[in-house]
Amino acid sequence: MKKIKLLHLYHDLMNLYGDWANVAILEHSLTVGGCDVLVDKKSVGDDINFDSYDFIYIGSGTERSQLACVRDLKQYRKQLIGCIEAEVPVLATGNSHELFGKAITDSNGAKHEMLGLLDFETVQLNTRVTGDCVCKVSFLTDKLIGFINRAGGSQNGDVERPFLIEPKEGASFKASGEGIRYKNLLGTYLTGPLLVRNPPLLRYFANLITDESKDIKKYENDALLIYQEKAYISAVEML
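Predicted, not measured: the structure shown is a model, and the values here were computed from it.

Colleague: Tell me about the pattern of salt bridges, and please be specific about residues and values.
Modeller: With the rule as written, the count across this model stands at six salt bridges. One salt bridge connects Arg181 with Glu160, and the closest N-O pair in it is separated by 3.6 Å. Within this pair, whereas Arg181 is found in strand S10 (residues 180-182), its partner Glu160 is found in the loop between strand S8 (144-158) and strand S9 (163-167), the two being separated by 21 residues in sequence. On the basis of relative accessible area, Arg181 is assigned to the partly exposed category, the value being 23%.

Printed below as a string of structure tokens:
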């Protein structure tokens, strides 16, 4: 059995909308696919050896939690960026993907330095952008469904933005594209159990992690993943 190590980073501080389920469904699908999976949960103050993981996930949090995490993460900046450059799969949902830019200017006008991996900055306003949405993705043929709840504002800079959002009423999302993509790092404002709601994205990461060129056939015989696929198809049709 292939041994796989997954890291759920800041599982307690960056976990607003059931983000933990992304790691849980990924663990399940990899196990069904014949892998021996270990999940580590790490937070502020823990010792972290990023080089030992096959996948890294960080979810959404409050703006206060976000700043606490980046202060802790800066000590590992070189190691984490090295993993990303080595094409380790990383998923950052909600506002956690803002950590990989140069800076965040908060709603009070204070500027906070981020990890600086990619050339973009985030400006946060004292408003909220919320709502369900469906989006096209540059690297998938299937659409994704999701939920956005983030601080209003904008991002600038030269970065690949792979998500083209089609907002539902109330989402008020005006950007032509959102998120970040660099090698196998994927970030998006879509939040919550994104991999649970979207089997195509789940399979995308499972294939990256296992270095499979096509979906593991054993997935087709698992009751949970079959139900997941049916729920996804119904949701896409409704949206």
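Colleague: Tell me what's going on with the pairing of strand S4 (residues 90-93), and back it up with residues and numbers.
Modeller: Side-chain alternation along S4 places Val90 and Ala92 on one buried face and Leu91 and Thr93 on a second face that is also buried. Examined bridge by bridge, strand S3 (residues 55-58) and S4 share three bridges and lie parallel to one another. The residue of S4 that forms the bridge with Tyr57 is Leu91. Examined bridge by bridge, S4 and strand S11 (residues 185-188) share four bridges and lie parallel to one another.

Colleague: Describe the packing of aromatic side chains, listing the residues and the values that go with them.
Modeller: Aromatic ring pairs are described here by two measures, namely the spacing of the ring centres and the angle between the planes. Scanning the entire structure with this criterion turns up five aromatic pairs. Considering the side-chain rings of Phe139 and Tyr204, the 4.7 Å spacing of their centres and the 40° angle between planes classify their relative orientation as tilted. On the criterion of sequence distance, the pair formed by Phe139 in the loop between strand S7 (119-137) and S8 and Tyr204 in helix H5 (residues 199-210) is long-range, its members being 65 residues apart. Of the two residues, Phe139 and Tyr204, neither departs from the other in class, the shared state being buried. Their ring planes at 80° and their centres at 5.2 Å tell us that Tyr204 and Phe205 sit as a pair that is edge-to-face. Taken individually, Tyr204 and Phe205 each receive the classification buried, so the pair is uniform in this respect. Three or more aromatic residues joined by ring pairs form one cluster here, namely Phe55, Phe139, Tyr204 and Phe205. Above the plane of the ring of Tyr189 lies Arg150, whose end atom (NZ or CZ) is 4.4 Å from the centre.

Colleague: Give a description of the side chain of Asn22 that names residues and reports values.
Modeller: Residue placement: Asn22 occurs in helix H1 (residues 20-32). Accessibility expressed as a relative area gives 1% for Asn22, which makes it buried. Within polar-contact distance, the side chain of Asn22 engages the side chain of Tyr57 at 3.0 Å. Polar side-chain contacts of Asn22 include one of 2.9 Å to the backbone oxygen of Gly192. Excluding anything up to four places from it in sequence, Asn22 contacts Tyr57, Gly192, Pro193, Leu194, Leu195 and Val196.

About the criteria used
- Residues numbered from 1 in each chain as written.
- Predicted model: local features only at pLDDT ≥ 70, side-chain atom pairs only at ≥ 80, totals over all residues.
- Heavy atoms only, no water.
- Salt bridge = Lys/Arg side-chain N within 4 Å of Asp/Glu carboxyl O.
- Helix = DSSP H or I, 4+ residues; strand = E, 2+ residues; numbered from the N terminus.
- Buried < 20%, exposed > 50% of the residue type's maximum accessible area, 1.4 Å probe, protein only.
- Pairing = 2+ DSSP bridges.
- Phe/Tyr/Trp six-rings, centres within 6.5 Å; stacked < 30°, edge-to-face > 60°.
- Lys NZ or Arg CZ within 6 Å of the ring centre and 35° of its normal.
- Polar contact = N/O pair within 3.5 Å; in protein donor to acceptor, adjacent residues only side chain to side chain.
- Contact = heavy atoms within 4.5 Å.

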